[in-house]
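The lines below spell out each chain.
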Amino acid sequence: MQSLTPAPGVDLKSLIQTGSTHCRRLSHHRVGPGRPVIKCVSRYDSANANANYSNSTAAPANGGLSYGSGHVGRGRHEWQSSCAILASKVESQKQDTEKIGGGADGISVVNGHPTTLDIVPIKDNNKSSSTPAPLPKPLSIADLSPAPMHGAQLRVAYQGVPGAYSEAAAGKAYPNCEAIPCDQFEVAFQAVELWIADRAVLPVENSLGGSIHRNYDLLLRHRLHIVGEVQLPVHHCLLALPGVRKEYLSRVISHPQALSQCEHTLTKMGLNVIREAVDDTAGAAEYIATNNLRDTAAIASARAADLYGMQILADGIQDDSGNVTRFVMLAREPIIPRTDRPFKTSIVFAHEKGMSVLFKVLSAFAFRNISLTKIESRPHRNRPIRLVDDANVGTAKHFEYMFYVDFEASMAEVRAQNALAEVQEFTSFLRVLGSYPMDMTPWSPSAAGGAGD
């Protein structure tokens, strides 16, 4: 039996040579884009092989096999057997690839290594009634909240109960919206932040009662954006249970703003009553109707009288017919400023170098002919007191304030951008609360409006 072990120093590459009379080169072809198929092409020339073999006068030193010069000798049969085994393995892998869906349309080999695709079969619903339902569609922002289209059934949060003036403001800002009542101003802010509501409509100032400071503080505390404003004239009514006369009243309850706006009128009416503040105007009417209080009246809107079954003892009891409440519309995202219509921008800033900085800030707007419509100061809660001297050892102190400013310009205008760039140089804190369209709708003093709830 001849040994198949090659002699030391023999180059195995010489076994396969291009143009050899015994075995030509290995050629590989791809089946599809990924799976290589290796084929061994062997041609045996018996005449030349026998002649070459007979010329050998002695057995080779390697034990009977001759390597080099392209001679395979008696090892030809073993070589053909090896090629046949290798070809059968490759063909088997090809068939496995076609079974798992590789073929010419899929990638079955990555860097020479076969890959296996774990494909989950999907049954046809028409073939079996027990087929599971299709996979659920992933949630999107559109599933969490309606698109922010003006008045397109948005969910609008407001402070108060149905019949409150804030509900009327929400209806004016977003007609046909779904109004969501909230018991507190902060709850309305949180409703928008938590996607319970899409917008919030809250009062910020009244022409007689002044600013609603609570909402100014909440604007700074929360990260909502002002996207619009709406102004409503005030039209208060004195409400009581059916059959109750003015002489029987001993108490009048309503929102603090409503009580202050009707103070002189109540005095002129000769009502010797206790004036008690509650959370909102419509809530006062609801409280009287629920508890059947026949000695108590409420200051609220005519809509509240209809909702809670109360009669109107006096209509239009506000002290000034030009009384208007301004509401702002809040959203999670700001709107894109424009220049094709009047815009208003609201900012808040703080400074650390005394009141002289305030003059420089206001000058930035005056030099660019930008009109200011509102300036409001609120205590700086993080730093309420500042010592006068630099050593911080003096006794004289100043109160620190945050300043809220509204000006008539859009952030899309270059003059507004340059003004804020200059303001930022003098302030330690600056934030744009929103740039939004101004409310240009006409109004009449006799129209129903809001008081601050």
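Refer to the structure above for everything that follows.
What this report covers is the structure whose coordinates are included nearby.

Analysis parameters
Residues numbered from 1 in each chain as written. Predicted model: local features only at pLDDT ≥ 70, side-chain atom pairs only at ≥ 80, totals over all residues. Heavy atoms only, no water. Pairing = 2+ DSSP bridges. Helix = DSSP H or I, 4+ residues; strand = E, 2+ residues; numbered from the N terminus. Axes fitted to C-alpha atoms, helices over the stretch in contact; angles between N-to-C directions. Contact = heavy atoms within 4.5 Å. Parallel < 35°, antiparallel > 145°, perpendicular 65-115°, else oblique. Left-handed = near helix turned anticlockwise from the far one by under 90°. Nonpolar A, V, L, I, M, F, W, Y, C, P; charged D, E, K, R; others polar. Buried < 20%, exposed > 50% of the residue type's maximum accessible area, 1.4 Å probe, protein only. 1 Å grid on protein atoms, 1.4 Å probe; cavity = no way out; pocket = protein on both sides within 12 Å on 5 of 7 lines; lining within 4 Å. Points joined across faces, edges and corners; volume = space filled by probe spheres on them. Salt bridge = Lys/Arg side-chain N within 4 Å of Asp/Glu carboxyl O.

Glancing now at the sheet that holds strand S16 (residues 343–350). Where strands meet in a sheet, backbone hydrogen bonds hold them as pairs that are either parallel or antiparallel. The antiparallel open sheet is built from 4 strands, whose spatial order is S17-S20-S16-S21. Bordering the open sheet on either side are strand S17 (372–379) and strand S21 (429–437), each of which pairs with just one other strand. Here the strands of the sheet are splayed against their neighbours by 15° on average, with no regard to which way each runs. Pairing analysis gives 8 bridges linking S16 to S21, with the strands arranged antiparallel. By the bridge assignment, Val-348 is partnered in S21 with Arg-431. Helix H6 (residues 213–221) contacts S16, S17, strand S20 (401–407) and S21 of the sheet and is inclined by roughly 85° relative to S17. Against the sheet, helix H11 (residues 356–366) touches S16, S17 and S20, its axis set at about 155° to S17.

Now for the packing of helix H5 (residues 185–193) against H6. Taken N-terminus to C-terminus, the directions of H5 and H6 make an angle of 30°; their axes are 10 Å apart at the nearest point. Taken together, the axis directions place H5 and H6 in an arrangement best described as roughly parallel. When you trace H5 past H6, the crossing you get is right-handed. The segment H5 lies against H6, with Phe-185, Glu-186 and Phe-189 engaging Arg-214, Asn-215, Leu-218, Leu-219 and Arg-221. Taken together, the residues that form the contact of H5 with H6 break down as 4 nonpolar, 1 polar and 3 charged.

With respect to burial, strand S9 (residues 225–233) is a largely interior element, 7 of its 9 residues being buried. Pairing of S9 with strand S15 (residues 324–331) involves 8 bridges; the strand directions are antiparallel. Bridge assignment links Ile-226 to a residue of S15, and that residue is Leu-330.

Moving on to empty space enclosed by the protein. Following the criterion strictly, the structure yields 1 cavity of 30 Å³ or more and no others. Approximately 70 Å³ is the volume found for the largest cavity. Lining the largest cavity we find Val-204, Tyr-216, Leu-219, Ile-226, Arg-326, Val-328, Ser-346, Ile-347, Tyr-404, Val-405, Asp-406 and Leu-433. Secondary structure elements with two or more residues in the lining of the largest cavity: H6, S15, S16 and S20. Tallying contributions element by element places S20 first for the lining of the largest cavity, with 3 residues. Looking at the lining of the largest cavity residue by residue, the classes come out as 9 nonpolar, 1 polar and 2 charged.

For Val-278, the position within the fold is in the loop between strand S12 (274–277) and helix H9 (281–291). It is 9.9 Å that separates the C-alpha atoms of Val-278 and Leu-259, two residues lying 19 residues apart in sequence.

Moving on, we get to unusual backbone geometry. Phi is positive for Asn-292, close to 55°, though the residue is something other than glycine. Of note, the phi angle at Asn-369 is positive, near 60°, even though the residue is not glycine. Its place among the elements puts Asn-369 in the loop between H11 and S17.

Another point: the pairing of strand S10 (residues 237–240). In S10, alternate side chains face the same way, and those of Cys-237 and Leu-239 on one face and Leu-238 and Ala-240 on the other are all buried. Sheet topology places S10 next to strand S13 (residues 296–300); 3 bridges connect them, and they run antiparallel. In the strand pairing of S13, Cys-237 is matched with Ala-300. In terms of strand pairing, S10 meets strand S14 (residues 311–315) through 4 bridges, oriented antiparallel. Note that in S14 the partner of Cys-237 across the bridge is Asp-315.

Counted by the stated rule, this structure contains 18 salt bridges. Close ionic contact of Arg-251 with Glu-276 constitutes a salt bridge, the shortest N to O distance being 3.1 Å. Of this pair, Arg-251 sits in strand S11 (residues 251–254) while Glu-276 sits in strand S12, placing them 25 residues apart in sequence. For Glu-413, the salt bridge goes to Arg-415, with nearest N and O atoms at 2.8 Å. Using a relative accessible area of 29% as the deciding quantity, one classes Arg-415 as partly exposed.

Limitation: the analysis is restricted to geometry and does not speak to function.
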